Amino acid sequence: MAEHKPLRTVAILTLGCKLNQADSDALARSFAAAGCAVTSTEEGADAVVINSCTVTHVADSKARQLVRRARRSSPEATVVLTGCYVDSAGPDPGIRAGADLALANRAKPDIVDAVFRRRTGESARPEAAGERPPLRGLRSRAFVKIQEGCNDVCAFCIVPRVRGREDSRPIAEIVAEAQQHEAAGAREIVLTGTQLGHYGRDRGWEAGPRRLLEALLERTTIPRIRLSSLQAQDIFPGLLDLWSDRRLCPHFHLPLQSGSDAVLKRMRRRYTSARYRSAVEMIRSEVADVAITTDVIAGFPGETEAEHHETVVLCREAGFAALHVFPYSIRQGTSAALLGAQLTPEVKRARADELIALGRESGRAFRRSLLGSTHDVLWEEPSEPGAWFGLTPNYQRVRVDSQQSLANTITPTRLHAPRGDLIQGDVVGLETDAYADIGMAV
C-alpha cells in the first residue's frame, strides 16, 4: 500500500502569457479551497505545479529547468508539469523531464484532484462547505480568461495545436467572475485569451468583444478593465468608441510580427503593413494617453535584409511603448518548420538585437513623454522596503518611495523622473520620503 504524504503547501510557477497566468490563478483558488497554502516559491512545498509555455524552444528549456529546480529544492514534493509544453511534446514529457505528473492544458481542471490522490490517496474536498476562497490568486490584479483556442493557422505558431479550437465563455459567466473579483477587492481585471478579437465568433456573435465590454461596463464598477491583446484586423471605430469610458485602460498590445507584406503573407497573417499602420493611427486618434506595445519575430524563414528593414521602419514610425522581440524559433508541427531558407542563428540574433535596441529607444522616448504629467497608479505589494511599484492605466511601471502602505490602492501620481525601465513618481497629497537616484540616465 502506498505511503500517504501530507499536502499543506502548493507552489505554482508560471511561464508564458497572461492566459497561463489566468489558469494559474484559477489553480491557486482551487488549491486554496481545498485547504492548501499557495505560494510562488517551490522551496519546502509539498507539491509544485509548473504551468509551461512552448512558444519558443527557449520556453521549452525553461520548463525543463523549473522541473529540475523543483526536484533539487523540494526532493519530496509531487512535481506536476502542465501547460502548452506538455501538449506540444507528446505523451508523458513530464515523466521524462523528471516530473511525477504531466497534464495537458485541457486537463488543468483535474490537477487538484490528481495531486491530492497521489499525495493523500483521496480526492480534494472543499475546506468548508459553502466557502469560496478569494479570487485574486497571488497577484493584486485579477486575470479573467474569456476564451481560449485559435482557429487561425499562422505559419510560425504552435498555439492552435496546444490550445485547440476557439471556445468562448458565456458573457454572464465572465461578468459573474468579474463581480466576484470586485467583491474580493480587486481594482483591475485583465481579460485574457488566445485570440481576444475573436471572442464570441464560435458562438455566432457579431462584435463579440464589444458586447462583452459593454456588459462589464454596465454590470460592474471595478475601476479598471484591461485587454491583454488584440490583432490589427480587430480594430475598428465601433469598438474604440467604448474607450470614452475611462475605466477601459488605454493600452493596446497589437502584435506586428513583421513590417514586410511579403513576410506577413508567408506567415499567414491576416493583415498587411498598411492595415497595421491604419490600426495604430485609428487607436491614437480615438484613445487619449494611449500606449501601444507589440511583438516582432526576427529572422523568419526567407526574410531578406530589405524585408527586415521594412520592419525596422514600421517600428520606428509606430513609436511603440514597448517592443517584445523574438528570434524565429522552429516549432515542429507548424508549416514554417518546413520552409526552406532558414536563416542562421547569427543573422537572426543580429536582427533581433537591432530591433531590441530600437525598442529600448522607443520605450525611453515614450516614458519621457509622460514626465510632468499626473496619472492614476494602481499600487501592488512592495518588493523592497519603503518602495512601492504600480501601473498606470497605459501600462507604465511606476516607483514611489513611501513608508505608508499603498497596497491595492489607486492614487493620482505625478511622474517626474526616469528610473531605468520605470518612472519615479510622487503620490499627489502624500508626504513621501526623500528620493534617491532619480536622475538615473536613460
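This structure is a prediction, so every number in the text was calculated from the model and none was measured. Each chain carries its own residue numbering, running from 1 in the written order of its sequence. With the structure being a predicted model, the display of local features is reserved for residues of pLDDT at least 70 and the display and counting of side-chain atom pairs for 80 or more, all residues being used for whole-chain, interface and lining totals. Calculation of side-chain values draws on the structure's entire complement of heavy atoms; hydrogens and water are dropped beforehand.

> For the confidence of the model for the protein, give the residues involved together with the corresponding values.
Along the chain, pLDDT gives the predictor's confidence residue by residue, from 0 to 100. Of the residues in the protein, 92% reach a pLDDT of 70 or more, and the chain-wide mean stands at 90. Two residues qualify as a contact provided that any one of their heavy atoms is within 4.5 Å of a heavy atom in the partner residue. Note on residues 128-138: pLDDT under 50 across the span, and 24 contacts to partners over four residues away in sequence or across chains. Considering only residues more than four positions removed or in separate chains, one finds that residues 432-442, a stretch of pLDDT under 50, has 27 contacts.

> Help me get a handle on helix α1 (residues 18-33), residues and values and all.
With 16 residues, α1 ought to run about 22 Å at 1.5 Å a step, and its terminal C-alpha atoms sit 23 Å apart, in line with that. Accessibility here uses a 1.4 Å probe with only protein chains present; expressed as a share of the type maximum, an area under 20% marks a residue as buried, one over 50% as exposed, and anything in between as partly exposed. Elements are defined by DSSP. Helices are runs of H or I of four residues or more, strands are runs of E of two residues or more, and each kind is numbered from the N terminus. Buried within α1 we find L19, N20, Q21, A22, D23, S24, D25, L27, A28, R29 and F31. In the segment just after α1, G35 is the residue with positive phi, at about 95°. Multiplying 1.5 Å by the residue count of a helix minus one yields the expected span of that helix.

> Give a detailed account of the pairing of strand β13 (residues 322-327), specifying residues and quantitative values.
Examined bridge by bridge, strand β12 (residues 291-298) and β13 share 6 bridges and lie parallel to one another. Bridge assignment links I297 to a residue of β13, and that residue is F326. The β-α-β motif built from β12, the intervening helix α12 (residues 305-318) and the parallel element β13 has right-handed crossover chirality. When DSSP finds two or more bridges between a pair of strands, those strands are recorded as paired. A right-handed crossover is one whose linking path, passing over the helix from the first strand to the second, runs clockwise when the strands point away from the viewer.

> How would you summarise the side chain of K145 if you had to cite specific residues and measurements?
Examined against the element boundaries, K145 turns out to sit in strand β6 (residues 142-145). Nitrogen and oxygen atoms within 3.5 Å of one another constitute a polar contact, given that in protein one can donate a hydrogen and the other can accept it, and given that sequence-neighbouring residues count only through two side-chain atoms. Within the structure, K145 has its side chain in polar contact with the side chain of D23 (distance 2.9 Å). Engagement of the side chain of K145 in a polar contact is seen with the side chain of E148, the distance being 3.2 Å. Those residues within four positions of K145 in sequence are excluded, and the remaining contacts are L19, A22, D23, R169 and T192.

> Residue-level account of the pairing of strand β16 (residues 397-401), with values.
Among the 5 residues in β16, 4 count as buried, and that is most of the element. Bridging between strand β15 (residues 387-391) and β16 involves 5 bridges; their strand directions are antiparallel. The residue of β16 that forms the bridge with L391 is R397. Bridge count between β16 and strand β18 (residues 422-427): 2 bridges; the pairing is parallel. Bridge pairing in β18 links R399 to Q424.

> Report on the environment of L27, specifying residues and quantitative values.
When you line up the elements, L27 lands in helix α1. You can call L27 buried: its relative accessible area is 5%. The spatial distance from the C-alpha of L27 to the C-alpha of P109 is 7.7 Å, given a sequence separation of 82 residues. Residues contacting L27, with those up to four places away along its chain left out, are I12, V49, K108, I111 and V112.

> Describe the packing of aromatic side chains, naming the residues involved and giving the relevant values.
The aromatic pairing rule takes the rings of Phe, Tyr and Trp, using the six-membered ring of Trp, and pairs them if the centres are within 6.5 Å, calling planes under 30 degrees apart stacked, those over 60 edge-to-face and the rest tilted. The tally for this structure, following the rule as stated, stands at 5 aromatic pairs. Measuring from centroid to centroid gives 4.8 Å for W243 and F252, while their planes differ by 40°, and the two rings are tilted. The exposure class assigned to F252 is buried, which follows from its relative accessible area of 2%. Aromatic side chains F300 and Y328 sit 5.5 Å apart centroid to centroid with 75° between the ring planes, which places their arrangement in the edge-to-face category. Placement of F300 in the loop between β12 and α12 and of Y328 in the loop between β13 and α13 (345-370) is noted, with a sequence separation of 28 residues between them.

> Report on the state of the cysteines, specifying residues and quantitative values.
In what follows, a disulfide is any cysteine sulfur pair within 2.5 Å. Tallied over the entire structure, the rule returns 0 disulfides. C150 takes part in no disulfide bond, and the closest cysteine sulfur, belonging to C154, lies 6.5 Å away. As a non-bridged cysteine, C157 has C154 as the owner of its nearest cysteine sulfur, 6.1 Å distant. Given a relative accessible area of 24%, C157 falls into the partly exposed group.

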